[in-house]
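The lines below spell out each chain.
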Amino acid sequence: MKHHTKRWRCARLAALCCALAAGAADAKPIAYANGWSLMAEYGAGTMAEGQLFYAPTHWLSLGGGLVELEDEHDRFDRRIAYARANVLLKRWNLPGAQGNLFAWGGAGRATGRDFDGATAVANAGFQADYETRRVYASLRSDLQHSRHFSHRIDTLQLGWAPYAHDYESIASWLVLQLRDYTGGLYSGVEPALLVRLFKGPAWVEAGATSDGHLQAMVMFNF
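These numbers come from a predicted model, not from an experiment.

Each value, and the rule that gives it
Residues numbered from 1 in each chain as written. Predicted model: local features only at pLDDT ≥ 70, side-chain atom pairs only at ≥ 80, totals over all residues. Heavy atoms only, no water. Phe/Tyr/Trp six-rings, centres within 6.5 Å; stacked < 30°, edge-to-face > 60°. Buried < 20%, exposed > 50% of the residue type's maximum accessible area, 1.4 Å probe, protein only. Lys NZ or Arg CZ within 6 Å of the ring centre and 35° of its normal. Core = buried A, V, L, I, M, F, W, Y, C linked by side-chain atoms within 4.5 Å. Helix = DSSP H or I, 4+ residues; strand = E, 2+ residues; numbered from the N terminus. Contact = heavy atoms within 4.5 Å. pLDDT = per-residue confidence, 0-100. Polar contact = N/O pair within 3.5 Å; in protein donor to acceptor, adjacent residues only side chain to side chain.

S.K.: Can you walk me through the packing of aromatic side chains in this structure?
M.R.: Describing an aromatic ring pair means giving the distance of the ring centres and the angle of the ring planes. This structure, assessed with the given rule, holds six aromatic pairs. A ring pair is formed by Phe-220 and Phe-222, whose centres lie 5.8 Å apart and whose planes are at 25°; its orientation type is stacked. Its relative accessible area of 24% is what places Phe-220 among the partly exposed residues. Sitting above the plane of the Tyr-136 ring, Arg-196 keeps its charged end 4.5 Å from the centroid.

S.K.: Is there a simple way to think about the nonpolar core in this case?
M.R.: The tendency in soluble globular proteins is for nonpolar side chains to be buried as a group. Formed by 14 residues in total, the largest nonpolar core has its most connected members in Met-47, Val-67, Leu-69, Ile-80, Phe-149 and Tyr-181. If you list the elements that add at least two residues to this core, you get strand S3 (60–70) and strand S4 (77–94). Here Ile-80 is in contact with Gly-65, Leu-66, Val-67, Leu-69, Arg-109, Ala-110, Val-121, Gln-144 and Phe-149, once residues within four sequence places are set aside. Among the nonpolar cores identified, the runner-up in size contains 13 residues, and Tyr-136, Ala-161, Trp-173 and Met-219 belong to it.

S.K.: Would you explain the confidence of the model for the protein chain in this entry?
M.R.: Predicted coordinates in regions of low pLDDT should not be interpreted in detail. Here the protein chain averages 89 in pLDDT, and 88% of its residues register 70 or above. Below pLDDT 50 for its whole length, residues 1–25 participates in 40 contacts with residues either more than four positions away or in separate chains.

S.K.: What is the right way to look at the side chain of Asn-86 in this model?
M.R.: Inspection of the secondary structure assignment puts Asn-86 in strand S4. Judged by relative accessible area, Asn-86 falls into the buried class, the value being 0%. A distance of 2.8 Å separates the side chain of Asn-86 from the side chain of Ser-61, its partner in a polar contact. A polar contact of 2.9 Å, which involves the side chain of Asn-86, links it to the side chain of Arg-84. Non-local contacts of Asn-86, meaning those with residues more than four positions away in its chain, are made with Pro-29, Ile-30, Phe-53, Trp-59, Leu-60, Ser-61, Ala-103 and Trp-104.

Below, the structure is given as structure tokens:
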């Protein structure tokens, strides 16, 4: 049943990728003022997450998400629903480049196989990124903490574009991702090689980890 559920999640995400590919927005917790951001991410064997946020201004977004975490040896899992606020702390507009620093915090409830009932969870994190039309780098850290567990996911991405894109063309990137899971979810750092495409309001990213597992993310701003 567990493997069937994983295949079903993968199929749903693949369908969403195809739907969005026809639609550039950067994968940031705040995209545009007075806009919505919808995101779905899937990492086979470790995580699946969906988020929806509304930004009343260019420096703040409010919303929530649902994340499912499971350790690589199938000993435990987590299902966490949360509400949170994202804040743009600093933006650097440079000639031909941009840098951003975001932080977020929130709270939610979680259930899991290794404890009874539901437990309160605190969520906190940050993202720092820098990009030009040819180079991209980001560092993201996201913490889910409760009295039963504490899991932090640290993600470093380094991207290179084979050509400089503009808003009217499809942007193509090759991205190296290094991800570290704490709290017993995964042993060591998980590398992945991804292909990223975005145009207009849609962003699609997919590839594989060094273990051959699917890693994918889609984001849509409207």
